[in-house]
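Structure at a glance
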Amino acid sequence: MTTYFINRKRDEIAQLKEELNSLRVEEKREGLKKIIAAMTVGKDVSQLFLDVLKCMETPSLELKKLIYLYIINYSKSQPDLALLSVNTLRKDSKQQDNPLLRALAVRTMGCIGVGAVTEYLCDPLRDALSDGDPYVRKTAAICVAKLYEIKETEVERFGFIEKLVEMTGDENAMVVANTIVALSEIAISRGPILKPDKKLLGQFMVALPDASEWSRVYILDFLAGHAPTRAQDAEEVVSRVVPQLSHSNSAVVLSSIRVLIKYMDVLTDPEKVRALCRKITPALVSLMNAESEVQYIALRCINLILQKLSLIHISEPTRPLYISYAVFCLKKKKKKK
């Protein structure tokens, strides 16, 4: 029985090799799709590494996406073979007529995660950060953070962090958003990098509506940690953050609430604080319609918020049972005190 399965696996590998070495693009595509499908469900197809690398010299962007995905997955277990892909990746990173291919090549080199490959990544990455296409620039910004995890000395030597700080003023909102994500990741181990001022906060506010949902979380977390000292500046940020309370992603909603509560300490007009509290309340209630895990986090947040802000009030007819329980627990704690 064991021999049967071994022979069957050998037949599958042989068939995939035949498809990869075919002269027809359609057969190569089908072979690569089968390999990615097998890789996704946990099957070991690393023995096809050399055959996959032979397919790299193709003008088809669809094939390259599949090939690069395979390389990223097996590069750490096959670092020596991964090095064989560097020349093609560097060549693709300079394809002037195809920004998608340039971005794909740089992202792949950054995701390979092999120290030896990073030596060949820095030059293409430097060019990508100054690329004329915003898609390439935003991809390169994330790649800097990945490179910092592998070889932070190279990031410092090539001045990539200073370049990222410069890119916070990019004209494209998506580039700014990805730059903030990259700098936030690097700052975890390096320490604070950005010095917030009115101009920088303005750039973040412009990028916020066009950023992806997780990029918004990074931007909002940065804003929460750097509240302005002037009430006027706080009001400008609050007006841009309030629309995020209706976002479908719970993380964005919670991060927005965090920003608003932090900035309330700076606002001097009591009426504006009360109006802001009235806007936060429906957002808290809406979180109770999410998954149980999100409900638990929301309840903990509600409990903490109620301790800080007595102005937050959720009326009995509209609040769900879980919120009523949180308020009950809070009142019980106060009585004990």
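Residues numbered from 1 in each chain as written. Predicted model: local features only at pLDDT ≥ 70, side-chain atom pairs only at ≥ 80, totals over all residues. Heavy atoms only, no water.

**Digging into the overall build of the protein**
Rule in force here: Counting from the N terminus, the helices are the DSSP runs of H or I reaching at least four residues and the strands are the DSSP runs of E reaching at least two. The buried label goes to any residue with under 20% of its type's maximum accessible area, the exposed label to any with over 50%, and the partly exposed label to all in between, with areas taken from a 1.4 Å probe on protein chains only. Accessible surface is estimated by sampling points in the Shrake-Rupley manner with a 1.4 Å probe; for residues, cover comes only from the protein chains shown.
In terms of helices and strands, the protein carries 19 helices and zero strands. By residue count, 48% of the 337 residues in the protein fall in the buried class. Carbon and sulfur atoms make up 53% of the accessible area of the protein, which totals about 18000 Å².

**Let's talk about the environment of Glu-30**
Inspection of the secondary structure puts Glu-30 in helix 2 (residues 25-40). A relative accessible area of 41% means that Glu-30 is categorised as partly exposed. Residues Glu-30 and Glu-19, spaced eleven residues apart in sequence, show a C-alpha to C-alpha distance of 7.6 Å.

**Describing the nonpolar core**
This is how it is decided: Throughout, nonpolar core names a set of buried Ala, Val, Leu, Ile, Met, Phe, Trp, Tyr and Cys residues whose side chains join them through atoms within 4.5 Å. It only takes one pair of heavy atoms within 4.5 Å for two residues to be counted as in contact.
Formed by 103 residues in total, the largest nonpolar core has its most connected members in Tyr-70, Leu-125, Leu-164, Phe-204, Ile-219, Leu-223 and Ile-257. Sequence-distant contacts of Leu-125, that is, excluding residues within four places in its chain, are made with Val-106, Ala-140, Cys-143, Val-144, Leu-147 and Phe-160.

**Overview of helix 8 (residues 115-129)**
Our working definition: One less than the residue count of a helix, multiplied by 1.5 Å, gives the span that helix is expected to have. The angle between axes fitted to the seven residues ending at a residue and the seven residues starting there is what we call the bend at that residue.
Spanning 15 residues, helix 8 covers 21 Å between terminal C-alpha atoms, matching the ideal 21 Å at 1.5 Å per step. At Leu-121, helix 8 shows its maximal bend, which comes to roughly 45°, and the proline Pro-124 appears one to four places after that position. Those residues of helix 8 not exposed but buried are Val-117, Thr-118, Leu-121, Cys-122, Pro-124, Leu-125, Ala-128 and Leu-129. Its buried side turned inward, helix 8 meets helix 6 (86-92), helix 7 (99-111), helix 9 (134-150), helix 10 (152-157) and helix 11 (160-167).

**Side note on the packing of helix 7 against helix 9**
For clarity, the threshold we go by: Axes, fitted as lines to C-alpha atoms, cover a helix only where it is in contact. Angles between the N-to-C directions of the axes lie from 0 to 180 degrees. In this scheme, roughly parallel covers angles under 35 degrees and roughly antiparallel covers those over 145, while 65 to 115 is roughly perpendicular and the rest are oblique. Residue polarity follows a fixed list, in which Ala, Val, Leu, Ile, Met, Phe, Trp, Tyr, Cys and Pro are nonpolar, Asp, Glu, Lys and Arg are charged, and the others, Gly among them, are polar.
In the contact formed by helix 7 and helix 9, the axes pass within 9 Å of each other and the chain directions differ by 10°. Comparing their axes, helix 9 and helix 7 come out roughly parallel. From helix 7, Pro-99, Leu-100, Arg-102, Ala-103, Val-106, Arg-107, Gly-110 and Cys-111 reach across to helix 9, where they touch Tyr-135, Val-136, Thr-139, Ala-140, Cys-143, Lys-146 and Ile-150. Classifying every residue of the contact of helix 7 with helix 9 gives ten nonpolar, two polar and three charged.

**With respect to the pattern of salt bridges**
Opposite charge on two side chains permits pairing when their charged atoms draw close. Defined as follows: Salt bridge, as used here: a side-chain nitrogen of Lys or Arg that lies within 4 Å of a carboxyl oxygen of Asp or Glu.
Inspection of the entire model under this criterion finds 17 salt bridges. Ionic pairing is found between Arg-29 and Glu-62, a salt bridge with its closest N-O pair at 3.1 Å. Here Arg-29, found in helix 2, pairs with Glu-62, found in helix 4 (residues 61-74); they are 33 residues apart in sequence, far enough to count as distant. Of the charged contacts, one joins Glu-271 and Arg-274 as a salt bridge, the two residues approaching to 3.1 Å between their closest N and O atoms. Of this pair, Glu-271 and Arg-274 both sit in helix 17 (residues 270-286), three residues apart, which is roughly one turn of the helix. For Arg-274, a relative accessible area of 35% corresponds to the partly exposed category. Because the salt bridges share partners, they merge into one network encompassing Arg-29, Lys-33 and Glu-62.

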